[in-house]
Amino acid sequence: MIALRDVHKRFGDLVVLDGVDFEVKRGETMALLGPSGTGKSVLLKHINGLLHPDSGSVNVDGMDVAHLKRRELANLRNRIGYVFQFGALFDSMNVFENIKLGITDNECASDRGYCENRVLECLDLVNLPQATAQKFPADLSGGMKKRVGLARAIAGQPTYLLYDEPTSGLDPVNADIIDSLVEKLRDELGVTSVVVSHDVRGSFRVSDRIALLSEGRIQAMGTPDEMRKAENYAVQQFLERDFK
Ligand SMILES: Nc1ncnc2c1ncn2[C@@H]1O[C@H](COP(=O)(O)OP(=O)(O)OP(=O)(O)O)[C@@H](O)[C@H]1O
Ligand SMILES: [Mg+2]
């Protein structure tokens with residue numbers, strides 16, 4: 001379970017998170033929506049300890065993420081796959097090596113045969129041809145880089161997946177494939193996910209619950225049905241664009 005309690009975070013004078021309460025249950029897929037620049041990526045980075053709150057707490061499986069020792073944090077991160085908004089691939093490594101970085105278990109990572117199979121399997125899951133393994137990031141389109149980033153995030157068979165806009169910039173066919181993959185990872189492997197997205201329709205289709213972040217706070221959180229019926233002005237205004 002992921003639980004943020006009264007999280008505050010500012011950068012200099014810029015207040016980004018201003019009392020965020022956010023909870024994701026085991027096995028649940030939570031969509032995190034909100035206007036651009038509102039702090040969705042910042043919130044996600046708190047969950048795996050890339051950023052620490054100024055005040056408030058971030059808990060994953062009962063562990064206080066901001067106060068873990070190095071080894072404990074490394075162990076936690078092994079269980080959390082992170083799909084970075086802009087791919088974050090290493091340009092000097094080919095796709096095989098980039099995806100292999102996601103295999104964090106030492107025993108698996110040192111088994112060449114296992115890694116070769118797992119990398120090809122992950123390419124397959126994100127709908128990329130096996131030959132992509134030998135290419136370098138510079139030779140890939142934006143959408144392909146995005147999918148390689150996703151393949152790397154799932155390579156280590158994580159129990160948590162944090163997706164930062166996994167479908168933005170993808171054509172509708174590949175966006176659907178990624179949405180289906182999110183569902184499949186939840187249904188078949190019980191993965192707990194947070195999906196940051198601008199795709200309101202897609203989020204309503206694949207998520208168990210939806211949270212709306214705006215002005216530093218979670219303005220509303222609920223099932224797709226609850227969100228549709230919500231009378232909260234911020235929610236209605238945000239959903240209107242896509243549903244009316
Ligand atoms: N490390 C940082 N140092 C200073 N400011 C930062 C840092 N990270 C984020 N910010 C600022 O925090 C605010 C929220 O950024 P964030 O990237 O979380 O927005 P977002 O909701 O993910 O937006 P988008 O939908 O465009 O990706 C922005 O104003 C951004 O410039
Ligand atoms: Mg972002």
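Above this text you will find the structure in question.
Our subject in this report is the structure included herewith. (Residues numbered from 1 in each chain as written. Chains lettered and ligands numbered in written order. Predicted model: local features only at pLDDT ≥ 70, side-chain atom pairs only at ≥ 80, totals over all residues. Heavy atoms only, no water.)

Glancing now at the overall build of the protein chain. When helices and strands are tallied, the protein chain shows ten helices and ten strands. For the protein chain, the spread of C-alpha atoms along the principal axes amounts to about 55 × 45 × 35 Å. Put simply, the protein chain has 244 residues, and 49% of those count as buried. In the protein chain, once contacts between residues fewer than 6 apart in sequence are set aside, the share between residues at least 24 apart is 64%. Looking at charge distribution, the protein chain has the averaged site of its 30 positive side-chain charges lying 2 Å from that of its 35 negative ones. (Helix = DSSP H or I, 4+ residues; strand = E, 2+ residues; numbered from the N terminus. Buried < 20%, exposed > 50% of the residue type's maximum accessible area, 1.4 Å probe, protein only. Contact = heavy atoms within 4.5 Å. Lys, Arg positive; Asp, Glu negative; His and termini not counted. Charge placed at Lys NZ, Arg CZ, Asp CG, Glu CD.)

On the secondary structure map, Leu128 appears in the loop between helix 5 (112-125) and helix 6 (142-155). Apart from residues lying up to four places away in sequence, Leu128 is in contact with Leu123, Met144, Arg147 and Val148.

Lining the immediate environment of ligand 1, one finds 14 residues, of which Ser36, Gly37, Lys40, Ser41 and Gln85 sit closest. One of the side-chain nitrogen or oxygen atoms of His198 is found 3.0 Å away from an oxygen atom of ligand 1. Elements with a minimum of two residues in the shell around ligand 1: strand 2 (14-24) and helix 1 (40-47). Element by element, the count of residues in the shell around ligand 1 is highest for helix 1, at three residues. Across the shell around ligand 1, the residue classes tally to five nonpolar, seven polar and two charged. (Near = heavy atom within 4 Å. Polar contact = N/O pair within 3.5 Å; in protein donor to acceptor, adjacent residues only side chain to side chain. Nonpolar A, V, L, I, M, F, W, Y, C, P; charged D, E, K, R; others polar.)

Attention now moves to unusual backbone geometry. Not every positive phi belongs to a glycine, and Gln157 is a case in point at roughly 50°. With respect to the helices, strands and loops of the structure, Gln157 is situated in the loop between helix 6 and strand 7 (160-164). Accessibility expressed as a relative area gives 52% for Gln157, which makes it exposed.

Moving on, we get to the pairing of strand 10 (residues 217-222). Note that strand 9 (residues 209-214) and strand 10 share five bridges and pair antiparallel. Bridge pairing links Ala211 to Met221 in strand 10. In sequence, strand 9 turns back onto strand 10 through a hairpin of two residues, with Glu215 there showing a positive phi of about 50°. (Pairing = 2+ DSSP bridges.)

Grouped together as the largest cluster of nonpolar side chains are 31 residues, with contacts concentrated most on Ile99, Leu150 and Tyr163. Put simply, the parts of the chain that give this core at least two residues each are helix 3 (95-100), helix 5, helix 6, strand 7 and helix 7 (172-189). Take this core: its biggest share by element is seven residues, from helix 6. Each of two domains, domain 1 (1-79 + 160-185 + 192-244) and domain 2 (89-158), supplies a minimum of three residues to this core. Residues within four places of Leu150 in sequence aside, it is in contact with Val83, Val126, Tyr163, Ile178 and Leu181. Counting 29 residues, the second-largest nonpolar core is a separate cluster that includes Val24, Ile80, Tyr160 and Val196. (Core = buried A, V, L, I, M, F, W, Y, C linked by side-chain atoms within 4.5 Å. Domains from an automatic or database assignment.)

Oppositely charged side chains can pair when the atoms bearing their charge come close. Here the structure, examined in full by the defined rule, presents twelve salt bridges. With a closest N to O distance of 2.4 Å, Glu121 and Arg118 form a salt bridge. In this pair, Glu121 and Arg118 both sit in helix 5, three residues apart, roughly one turn of the helix. Since its relative accessible area comes to 43%, Glu121 is described here as partly exposed. Residue Arg118 is classed as buried on the basis of its relative accessible area of 8%. Through salt bridges that share partners, Arg26, Asp61 and Arg79 make up one connected network. (Salt bridge = Lys/Arg side-chain N within 4 Å of Asp/Glu carboxyl O.)

With mixed pairing, six strands are arranged side by side in an open sheet as 6-7-8-3-9-10. This sheet does not close on itself; its edge strands, each paired only once, are strand 6 (80-83) and strand 10. When strand polarity is set aside, the average angle formed by the axes of neighbouring strands in this sheet is 15°. Relative to strand 9, strand 3 (residues 29-33) runs parallel, the two being bridged by four bridges. Looking at the pairing, Ala31 lines up with Ile210 of strand 9. Across the sheet, helix 7 lies against strand 3, strand 7 and strand 8 (192-196), angled at about 165° from strand 7, the strand it touches most. (Axes fitted to C-alpha atoms, helices over the stretch in contact; angles between N-to-C directions.)

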